[in-house]
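Chain and residue survey
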Amino acid sequence: MSTRSSRWRKYRPVIALSILSMLVCGLAYPLLITGVAQAALPYQADGSQAQLGGRAVGSYYIDNGFTLPAFFHGRNETNPLTASASGVDPDITVAEALSQVPRISNATGIAGSSLVALVKSHEHWTLWVAGTPYVNVLELNLALIAAYPSSYPGYA
Amino acid sequence: MIDAIQSLIVVAILASTLISGSLLAPYVVRVLTGTPTRLDRLLDPLESAVYRLIGADPKMTMGWREYLFAVILLNVAQMAIAFAILVGQGVLPLNPMGFPGLSWDLAFNTVVSFGTNTNLQHYAGETALSYFSQMTAIQFLQFTSAATGVCVMAAMVRGLRPGSSHLGNFYVDFVRVLTRILLPLCAVAALVLVALGVPQTVGGYVTVKTVEGATQRLLIGPVASLVSIMQIGTNGGGYFGANSAYPFQNPTPVTDVLEIYLMLLIPTTLIFAFGELIGRKKETRPILIGSYGLLAVDLAVAFLGSIPAVGPGIETRFGGFFSTFWTVITTASTTGSLNASLTGINPLGILSAYMGMLVQATPGGIGVGVMYMLMYVVITVFVVGLMTGRTPEYLGAKITARDVKLVMVAFLVHPIAILVPTLAAFATKAVDAIPGFSSLPTSVAFTQVLYEFTSSAANNGSDFLGAAANTPFFNFATAAVMFVGRFVPIAILLALAGSMIGRKRVAEQSLRTDGAAFSFVLIGSILLLVVLTFLPFLILGPLLAYFQGLVNFVG
């Protein structure tokens, strides 16, 4: 009996602390953060969802999978050799967006110069100064629908 | 090459981690020495309750054997809990996606990986782990392995400190590091990350109809709480298979810079804390110059190559510059999170990543980075002593033949744990089980397997292979390498610290270790040691690929 109780004394801190640390670090901490985030920052906490016509159509941070000629396309539908690291890169470079302008202009009748201006007005930079200028494809297409509702019947 | 603005960004980020580290260090020293802080009124009663609950006497002190025994036992017990959770997640709560339990070998690999602060991942979290597993297995072990790193460093430093009589109490260190450093810091970082666009929910994946009407699932979950400890604790294991390239983990260039900063924050803080903990503030100098000097070398090597354009493996919002920068920092801090696919990084960037993982102290993983640097310091003191014909001394204590043998064994664990399994993987044809592997050029194939074991042994966790290495051979081989790479050096360095207790100290060392001259000799000897050990293998891998003119590792 005495050896059993001395063994328990020896191993009790290890057993108790491993369970306690799991409850605190693995449950209390993430659930507390979830509670605060959901209360204070629900939009971001739920994945920064984009709305169109009163319904969620995706997240600004996830490629929306555009394929119709009337829209700007992301980089993830083509072949794996040009794919991004995440496979859901929501952005394309400005150069890539501009190369798609003639196709969109053809499909919608919107003047190419207006499309170029729209791309330029939605330009992002990595930290404002570095990298290659880029655009968010979903943001750009939603702006396109808002600016030219008659060219996109049934979307807005 | 990078331009002036990009160079300025690099300097600004490193400067901010150095400043933050020096400001945070006095607080960390108070936590590790039990000096009163403002949080005491809130936390003291809580901690007393914890010690009563677990039945540990906070006033008891430990020798190195007791301390090490407690470290290994607690870590193994925590891995066992996480193992049960991963295997049983199918019947556990918070599993709205209905994922089944993990296979035994994958669960074993995963808990060893997270329990050793490695975070090599042979699964993709978004398609394999329930919310419950992401929290109670992954985030749990990320906290405890990070806390363990700080504890063992504190214990080693206590042993080295002149006039020391014990290594402290592991349970007290562990509880205080969690409640007073990691949990508060991560809570703040997690909420900032949410504000910047990282999701945090347990409400289940959301299904939407896209603009064009297709069905899309948004893979949201408790991401921010994981990302905070994964970067701050230099863990690196992501919520998603694509890690920090996946936009929900790292949505903007602003979060990218913040996460780079977080990876360096605590390892840098602990360098500043070292001098105060040891009682000789100037002894921080060689550790600081050594680690940041070598980090500068790594960055210079990586940026010497051509910076990849936005293309295969590179996310548009980061571009080649931030992807290369991140790759260097994540390996130098042995974190292992990636914001690009390694296949998109140029061969010199990969060479630099290898350097970070082979040195393990630039500034290295949380806590253990300083320990490895101290290992190099002892080796350097010995070599310089031999060359100048003086008695090797560190912190006033004579460095004996036994000390040098111990640190050499600690150093040699690393190449043995990397090179033997790498050769075994090719000799036994275990690599053939990796999908698509046979079609790669030899230099690329060799680089990827060598990287897998280097990353495992360095407890880094970044990799080329990812879920493709979910084979029994790689699951068990890398688990063994991760365990040995973590606990054997810790055991040896604690033994070294233990043997310094009660040793006679001289007031004036014949060779000073706190000056600039020693710091540069230290850098030289680290480069010499690491390069001599690994150069033949680096030549067969990334250097060959570079001279073959490969732009990246797409193959």
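Residues numbered from 1 in each chain as written. Chains lettered and ligands numbered in written order. Predicted model: local features only at pLDDT ≥ 70, side-chain atom pairs only at ≥ 80, totals over all residues. Heavy atoms only, no water.

**Observations concerning the overall build of chain A**
The criterion, for reference: A helix here means a DSSP run of H or I that spans at least four residues, while a strand means a run of E at least two residues long, and both kinds are numbered starting from the N terminus. What the globule rule says is 2.2 Å times the number of residues to the power 0.38, and the radius of gyration is computed from C-alpha atoms. Relative accessibility under 20% of the residue-type maximum defines a buried residue, over 50% an exposed one, and the middle range a partly exposed one, all with a 1.4 Å probe and only protein chains included. Note on contacts: a residue pair qualifies if any of its non-hydrogen atoms lie within 4.5 Å across the two residues. Just so you know, the count uses Lys and Arg for positive and Asp and Glu for negative, and it drops His and the chain ends. Positions of charges follow a simple convention, taking NZ of Lys, CZ of Arg, CG of Asp or CD of Glu.
Assigned secondary structure in chain A consists of six helices and five strands. Element order for chain A, N to C, with α for helix and β for strand: α-α-β-β-β-α-α-α-β-β-α. Relative to a compact globule of 156 residues, whose C-alpha radius of gyration would be 15 Å, chain A shows 25 Å and is clearly more extended. Split into buried and exposed, the 156 residues of chain A put 46% on the buried side. Intrachain contacts of chain A at a sequence separation of at least 6 include 53% that bridge at least 24 residues. For chain A, the distance from the average site of its 9 positive side-chain charges to the average site of its 8 negative ones is 31 Å.

**Regarding the packing of helix α6 (residues 131-160) of chain B against helix α9 (residues 253-278) of chain B**
All names here are of chain B. Our working definition: Each axis is a line fitted through C-alpha atoms, taken for helices only over the stretch in contact, and angles between the N-to-C directions span 0 to 180 degrees. Any angle that is under 35 degrees is reported as roughly parallel, and any over 145 degrees as roughly antiparallel; angles of 65 to 115 degrees are reported as roughly perpendicular and all others as oblique. Crossing chirality is assigned from the near helix's rotation relative to the far helix, an anticlockwise turn below a right angle marking it left-handed and a clockwise turn marking it right-handed.
Relative orientation of the contacting elements α6 and α9 amounts to 30 degrees, with a least axis distance of 9 Å. By the angle between their axes, α6 is roughly parallel relative to α9. Of the two possible hands of crossing, α6 and α9 adopt the one that is right-handed. Contact residues: α6 offers Val 150, Met 153, Val 157 and Leu 160, while α9 offers Leu 270, Phe 274, Leu 277 and Ile 278.

**Topic: the interface of chain A and chain B**
Put simply, the rule reads: Here the buried area means the combined drop in accessible surface, using a 1.4 Å probe, for two parts upon being joined, counting both sides. What makes a salt bridge here is a side-chain nitrogen of Lys or Arg within 4 Å of a carboxyl oxygen of Asp or Glu, nothing more. Asp, Glu, Lys and Arg are counted as charged, while Ala, Val, Leu, Ile, Met, Phe, Trp, Tyr, Cys and Pro are counted as nonpolar; the rest, among them Gly, fall into the polar class.
Every contact between the two is made by 72 residues of chain A and, on the other side, 75 residues of chain B. Across the chain A to chain B interface the summed buried area is about 5,700 Å²; carbon plus sulfur atoms make up 72%. The interface formed by chain A and chain B includes zero salt bridges. At the level of secondary structure, the elements contributing two or more residues to the side of chain A that touches chain B comprise α1 (2-40), α2 (42-45), β1 (49-52), β2 (55-59), β3 (91-93), β5 (130-136) and α6 (137-147) of chain A. When residues in the side of chain A that touches chain B are grouped by element, the largest group, 24 residues, is from α1 of chain A. Residues that form the side of chain A that touches chain B fall into these classes: 42 nonpolar, 22 polar and eight charged.

**Thoughts on the sheet that holds strand β4 (residues 124-126) of chain A**
Residues and elements named next belong to chain A. As a reminder, the rule being used: Paired strands, as defined in this entry, are two strands with at least two bridges between them according to DSSP.
Strand order in the open sheet formed by three strands is β3-β5-β4, and the pairing between neighbours is antiparallel. The sheet is open, and its two edges are formed by β3 and β4, each paired on a single side. Averaged over all adjacent pairs, the angle separating strand axes in this sheet is 45 degrees, with direction ignored. Alignment of β3 against β5, held across three bridges, turns out to be antiparallel. When the bridges of β5 are listed, Thr 93 appears paired with Tyr 134.

**Considering the pairing of β5 of chain A**
When β4 of chain A meets β5 of chain A, the two strands line up antiparallel, connected through two bridges. Among the inter-strand pairings, His 124 of chain A is bridged to a residue of β5 of chain A, identified as Tyr 134 of chain A.

**Structural notes on the domain arrangement of chain B**
Accessible area lost during the coming together of the parts is what is often quoted as the interface size. Residues and elements named next belong to chain B. Using the following cut-off: Domain extents, as shown, originate in an automatic or database domain assignment. In protein, a polar contact requires one atom able to donate a hydrogen and another able to accept it; more generally it is a pair of N or O atoms within 3.5 Å, and residues adjacent in sequence count only if both atoms are side-chain atoms.
What the domain assignment lists for chain B is domain 1 (4-279) and domain 2 (367-547). Taking the mean C-alpha position of each, domain 1 and domain 2 sit 23 Å from one another. Across the contact, 44 residues belong to domain 1 and 42 residues belong to domain 2. Between domain 1 and domain 2 lies a buried interface of about 3,400 Å² when both sides are counted; carbon and sulfur atoms form 73% of it. For the pair domain 1 and domain 2, the interface holds zero salt bridges. Where domain 1 meets domain 2, there are ten residue pairs in polar contact (both at pLDDT 80 or more). For the side of domain 1 that touches domain 2, the secondary structure elements donating two or more residues are α3 (64-87), α4 (104-115), α6 and α9. No other element matches α6, which puts ten residues into the side of domain 1 that touches domain 2. Residues that form the side of domain 1 that touches domain 2 fall into these classes: 24 nonpolar, 18 polar and two charged.

**Points about the pattern of salt bridges**
Per the stated rule, a full pass over the model turns up nine salt bridges over all chains. Here Arg 75 of chain A and Asp 89 of chain A are joined by a salt bridge, their closest N and O atoms 2.7 Å apart. You can see Arg 75 of chain A sitting in the loop between β2 and β3 and its partner Asp 89 of chain A sitting in the loop between β2 and β3, a full 14 residues away along the chain. You can call Arg 75 of chain A buried: its relative accessible area is 12%. For Asp 44 of chain B, the salt bridge identified is with Arg 180 of chain B, shortest N-O distance 3.0 Å. Taken together, the residues Asp 44 of chain B in helix α2 (residues 40-54) and Arg 180 of chain B in helix α7 (residues 170-195) connect sequence positions 136 residues apart. Using a relative accessible area of 2% as the deciding quantity, one classes Arg 180 of chain B as buried. Salt bridges sharing partners connect three or more residues here, namely Asp 40, Asp 44, Glu 47, Arg 176 and Arg 180 of chain B.

**Here's the deal with the packing of aromatic side chains**
Worth spelling out the cut-off: Here a pair means two rings of Phe, Tyr or Trp (six-membered ring of Trp) with centres within 6.5 Å. Their orientation is stacked below 30 degrees between planes, edge-to-face above 60, and tilted elsewhere.
Tallying each qualifying case throughout the model produces 26 aromatic pairs over all chains. Aromatic pair Phe 108 of chain B and Phe 476 of chain B: ring centres 5.7 Å apart, planes at 45 degrees, arrangement tilted. With a gap of 368 residues between them, Phe 108 of chain B in helix α4 and Phe 476 of chain B in helix α16 (residues 472-500) connect regions that are remote in the sequence. Following the ring pairs from residue to residue traces out a cluster consisting of Phe 66, Phe 71, Tyr 152 and Tyr 155 of chain A.

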